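Geometric and topological summary
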Amino acid sequence: MLIKNKKRSDCSESEVTPKTIYLNRRQFMKASSGIVLGVGGSNVFAALQGGNPLTPPTPVKQAFSQIIQTPYGSSETPAPYDVATTYNNFYEFGYGKGDPSERADNFKTRPWTITVEGEAENTGTFDLDDIIKTSALEERIYRHRCVEAWSMVIPWVGVSLGDVLKRFKPTSKAKYVYFETLYDPKQMPGQNSGSIEWPYREGLRIDEAMNPLAMFTVGMYGSILPNQNGAPVRLVIPWKYGFKGIKSIVKIRFVETMPLTTWSSLAPGEYGFYANVNPNVDHPRWSQSQERRLPGGVLFPNVIDTQMFNGYEEEVASLYSGMDLKRFF
Ligand code: MTE
């Protein structure tokens, strides 16, 4: 994976959101709306954090007005919206961290369908909004750790991936699940070039996909996903490096054998299928023992220790018991 020197995210210390502001926001929302975060809540968030979360389109407005607050990450301080939406990896729109926010404005995310194939009883093509409308959306604040050794805290909106996958009734032969991003070089200029074989592909073992932490994500900061963050739907697998969080998903396939994935095909010695965050297994070209928590900058690099499974060890370590994590990286 490329590491570029990023200028857009080199924020000054004054841009770091003080925890008191964030905690006040959560108290405000609890006081004003019980356990439900409404669109009003996200607007308060935007005012405090800078930036403008998008307005949900009519068919899913109702679902977004009833986001359930969860205890996940309630003590964490999310990155300002502006940082999370201008410092991105989405190579379909270019390799620079600022390219996706500059080039994805006209990306068409509705109507949006997902084709479900393979080892499942309920296959076919499904409208994403029908899935959203029948889901109880949750806000979960997760640590987001990129293999490039930067990280952010982001309040995502979505549902457990397992709950969505169960709707398709995977058979006992479904040992893995494979995901694919849209292939549309007219809309995604990055797909016209580069060394990646498009579309972007990812996969999980079925028990990883069913772990309650794995998230089918349709929003962030209380509203829908901005295009640069993977609209209209992406994965968020918080104990894994960010590249497992495939964006703009159009295909889900239940399969018997481990699927080929973009980064592990491109550089198998550098990026494994599992890609669990692990401070004890370095990338061949850099250490994974620490990370730059964004926002940060030259004067305030904000380097912190990386945690095993990104701090989600209790929830996910049992998935890998008996496995040599240096071999299965
Ligand atoms: N999905 C697609 N389709 N294309 C990409 O280039 N980049 C991955 C992942 N999902 C990527 C993708 C990487 S390397 C990371 S770190 C995260 O998206 C970044 O998510 P963010 O931009 O929302 O922080």
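Residues numbered from 1 in each chain as written. Predicted model: local features only at pLDDT ≥ 70, side-chain atom pairs only at ≥ 80, totals over all residues. Heavy atoms only, no water.

Glancing now at the overall build of the protein. A count of helical and extended segments in the protein gives 10 helices and 14 strands. Long-range pairs, those at least 24 residues apart, make up 73% of the contacts in the protein between residues at least 6 apart in sequence. Just so you have it, the protein exposes about 13,800 Å², and 52% of that area is on carbon and sulfur atoms. (Helix = DSSP H or I, 4+ residues; strand = E, 2+ residues; numbered from the N terminus. Contact = heavy atoms within 4.5 Å. Areas by Shrake-Rupley, 256 points an atom, 1.4 Å probe, with all protein chains shown as cover.)

On to empty space enclosed by the protein, then. In this approach the atoms are scanned with a rolling probe the size of a water molecule, which exposes any empty space left behind. According to the stated counting rule, one finds 2 cavities of 30 Å³ or more in the structure shown. In this model, the largest cavity occupies a volume close to 310 Å³. Surrounding the largest cavity, 24 residues form its lining, N89, F90, R234, G242 and K247 being those nearest its centre. Broken down by element, the lining of the largest cavity gets its largest block of residues, 4 residues, from strand β6 (residues 150–160). Across the lining of the largest cavity, the residue classes break down as 14 nonpolar, 7 polar and 3 charged. (1 Å grid on protein atoms, 1.4 Å probe; cavity = no way out; pocket = protein on both sides within 12 Å on 5 of 7 lines; lining within 4 Å. Points joined across faces, edges and corners; volume = space filled by probe spheres on them. Nonpolar A, V, L, I, M, F, W, Y, C, P; charged D, E, K, R; others polar.)

Before going further, it helps to examine the pairing of β6. The buried fraction of β6 amounts to 11 of the 11 residues, a majority that puts the element mostly inside the structure. In terms of strand pairing, strand β5 (residues 138–145) meets β6 through 8 bridges, oriented antiparallel. Among the inter-strand pairings, I141 is bridged to a residue of β6, identified as P155. In sequence, β5 turns back onto β6 through a hairpin of 4 residues, with A149 there showing a positive phi of about 75 degrees. (Buried < 20%, exposed > 50% of the residue type's maximum accessible area, 1.4 Å probe, protein only. Pairing = 2+ DSSP bridges.)

We now examine the pattern of salt bridges. Two side chains with opposite charge may pair up if their charged atoms get near one another. Evaluated as defined, the whole model comprises 15 salt bridges. K240 serves as the salt-bridge partner of E208, at 2.6 Å between the closest nitrogen and oxygen. Of this pair, E208 sits in helix α8 (residues 206–210) while K240 is found in the loop between β11 (234–236) and β12 (249–255), placing the two residues 32 residues apart along the sequence. Taking the relative accessible area as the measure of exposure, E208 reaches 1% and is therefore buried. We note a salt bridge from E270 to R285, for which the minimum N-O separation is 2.7 Å. Here E270, found in the loop between α9 (262–266) and β13 (290–293), pairs with R285, found in the loop between α9 and β13; they are 15 residues apart in sequence, far enough to count as distant. What makes R285 exposed here is its relative accessible area of 51%. Ionic contacts of the salt-bridge type, sharing partners, join the residues E117, K251 and R253 into one network. (Salt bridge = Lys/Arg side-chain N within 4 Å of Asp/Glu carboxyl O.)

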